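Residues per chain, in single letters:
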Amino acid sequence: MKHYMIVFGTRPELIKIFPLIKECQNHAKQIKLTIVNTGQQKEMVDILLKEWNIQTNYDLEIMKQQQTLTELTINLMSALEPVLKMENPDVVIVHGDTTTASIASLMAFYQQKKIAHVEAGLRTSNKNAPFPEEMNRQLVDRVADYYFVPTQSNRENLEKEGIDSVIEVTGNTGIDTLHYLDLKRTIGTEQRQILVTLHRRELGEEQLVKICKALVAIAKEYPDIIIKYPVHLNPKIKNIVCSLLSNQPNIDLTNPLNYLAFQQEMMNSFLVITDSGGIQEEAPYYKVPVLVIREVTERQEAVLAGGLKLIGTDERKLYKNVVALLNNADEYESMRAAKCTRTYGDGKAAKRIIRRLLQEV
Ligand code: UD1
Ligand code: UDP
């Protein structure tokens, strides 16, 4: 019997680790699974644990309102070390680029545990964007033993860094989650919906204010559209967004949605505006065009295919690009026609990962 430990703490980690939890449970005769929720994000993770009825073995409850990255790091270190010592797993599985992932892998390394990195190899090679995620994932990739990469270009990124241990191209487990739920587009109204999410730290408060003002300008100019915006719970984001956007009748601000509700909003949208990593993978799967509010992206594949457009963080560019897509059917259709429904995976990533891990550990 092998002992696997899965560690997560934020919304995207749980969404993308969910298929691995299922796959380990499918191999219950071979795998003893310990599920550790660091609690980096409380409400945004709890909503999903409840939605999917996941029982964790540990909830380390490390979230403090607006804690700094240093506090977050220290709290993760002190909470994770005793759990690793007590459980003594054969392998620790982490996902992506959060501080939960980087500190869990560092703690596992200190305990000389094997480390599997899921969604390895993504890079912008700009240490400040996304911040601090680019350095988080590079740190994980320095100490990991097994690398599960979504795409071939992620594999090449690792090879360029001289990583020569186990690298397997699996697709992104986030696409498995979409397949698992087998969602269908609902027949909605004719009203065009723009779905917005923003949360990156490097965006900065001043720029967020400008972007909100551009959204108001768009909403005023196009009263027939609806802008739906489930607001991230980070107070630095929420306070600004709520104060600037709540009085516009065709802007609908909500709390974070559960996964199913969010997927339904996304697949029924005309356009998505986001700085999220996961949404850059999901929206192309639904063939919904995305304007990416970032200066750089590690998800270049769908940009190259034409389904994502990287427009930077300038509010004038945002305004111009949204207006172009609302007014110009050809421009819109060319994004929609981009062939990227399978760019980030075929829904079998978790099976590949667990099959390979069982050969290795
Ligand atoms: C974190 C990750 C980021 C990931 C994002 C997904 C780090 C450094 N950042 O960013 O990579 O893309 O999650 O959402 O790991 N808060 C709540 N309730 C919640 C969640 C957050 O109140 O359920 C508030 C707290 O005040 C918390 C703050 O938001 O201190 C920031 O949350 P945190 O997880 O530290 O950072 P994010 O910027 O959300
Ligand atoms: N998501 C959700 N509810 C929401 C907004 C997003 O379930 O209200 C999901 C979304 O489908 C995606 C993930 O959360 O799978 C993205 O999380 P986030 O943008 O917080 O983090 P990132 O992917 O940028 O790390």
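Residues numbered from 1 in each chain as written. Chains lettered and ligands numbered in written order. Predicted model: local features only at pLDDT ≥ 70, side-chain atom pairs only at ≥ 80, totals over all residues. Heavy atoms only, no water.

**Student:** In this structure, what is going on with the site of ligand 2? I would like to understand it.
**Tutor:** As a matter of local geometry, ligand 2 sits amid 16 residues, with L257, S276, G277, G278 and E282 nearest to it. For ligand 2, an oxygen atom lies 2.8 Å from a polar atom in the side chain of S276. At a separation of 2.8 Å, an oxygen atom of ligand 2 approaches a polar backbone atom of G277. For ligand 2, whose unbound accessible area comes to 540 Å², protein coverage reaches 95%. Of all the secondary-structure elements, those providing two or more residues to the shell around ligand 2 are α1 (11–26), α10 (259–267) and α11 (277–285). When residues of the shell around ligand 2 are assigned to their parent elements, the largest contribution, four residues, is made by α11. (Near = heavy atom within 4 Å. Polar contact = N/O pair within 3.5 Å; in protein donor to acceptor, adjacent residues only side chain to side chain. Areas by Shrake-Rupley, 256 points an atom, 1.4 Å probe, with all protein chains shown as cover. Helix = DSSP H or I, 4+ residues; strand = E, 2+ residues; numbered from the N terminus.)

**Student:** Help me understand the pairing of strand β11 (residues 271–274), please; the structure alone is not making it clear to me.
**Tutor:** Burial along β11 is two-sided: the face carrying L271 and I273 and the face carrying V272 and T274 are both buried. Across four bridges, the pairing between strand β8 (residues 193–197) and β11 is parallel. Across the sheet, residue T197 finds its bridge partner in β11, namely T274. As defined by bridge partners, β11 adjoins strand β12 (residues 290–292) across three bridges and the pair is classed as parallel. Note on β12: the bridge partner recorded for I273 is L291. For the segment spanning β11, α11 and β12, crossover handedness is right-handed. (Buried < 20%, exposed > 50% of the residue type's maximum accessible area, 1.4 Å probe, protein only. Pairing = 2+ DSSP bridges. Right-handed = clockwise from strand over helix to strand, strands pointing away.)

**Student:** I would appreciate a short explanation of the packing of aromatic side chains in the present structure.
**Tutor:** Each pair of aromatic rings is reported with the distance of its centres and the angle of its planes. What the rule picks out here adds up to six aromatic pairs. Ring centres of F18 and W52 lie 4.2 Å apart, and the angle between their planes is 10°; this geometry places the pair in the stacked category. Residue F18 is located in helix α1, and its partner W52 is located in helix α2 (residues 43–52); the two are separated by 34 residues in the primary sequence. Geometrically, the ring pair formed by F109 and Y110 is tilted, given 6.1 Å between the ring centres and 45° between the ring planes. Cluster of aromatic residues (ring-pair linked, three or more members): F18, W52, Y180 and Y259. The ring centre of F270 lies 5.0 Å from the NZ or CZ of R192, which sits over that ring. (Phe/Tyr/Trp six-rings, centres within 6.5 Å; stacked < 30°, edge-to-face > 60°. Lys NZ or Arg CZ within 6 Å of the ring centre and 35° of its normal.)

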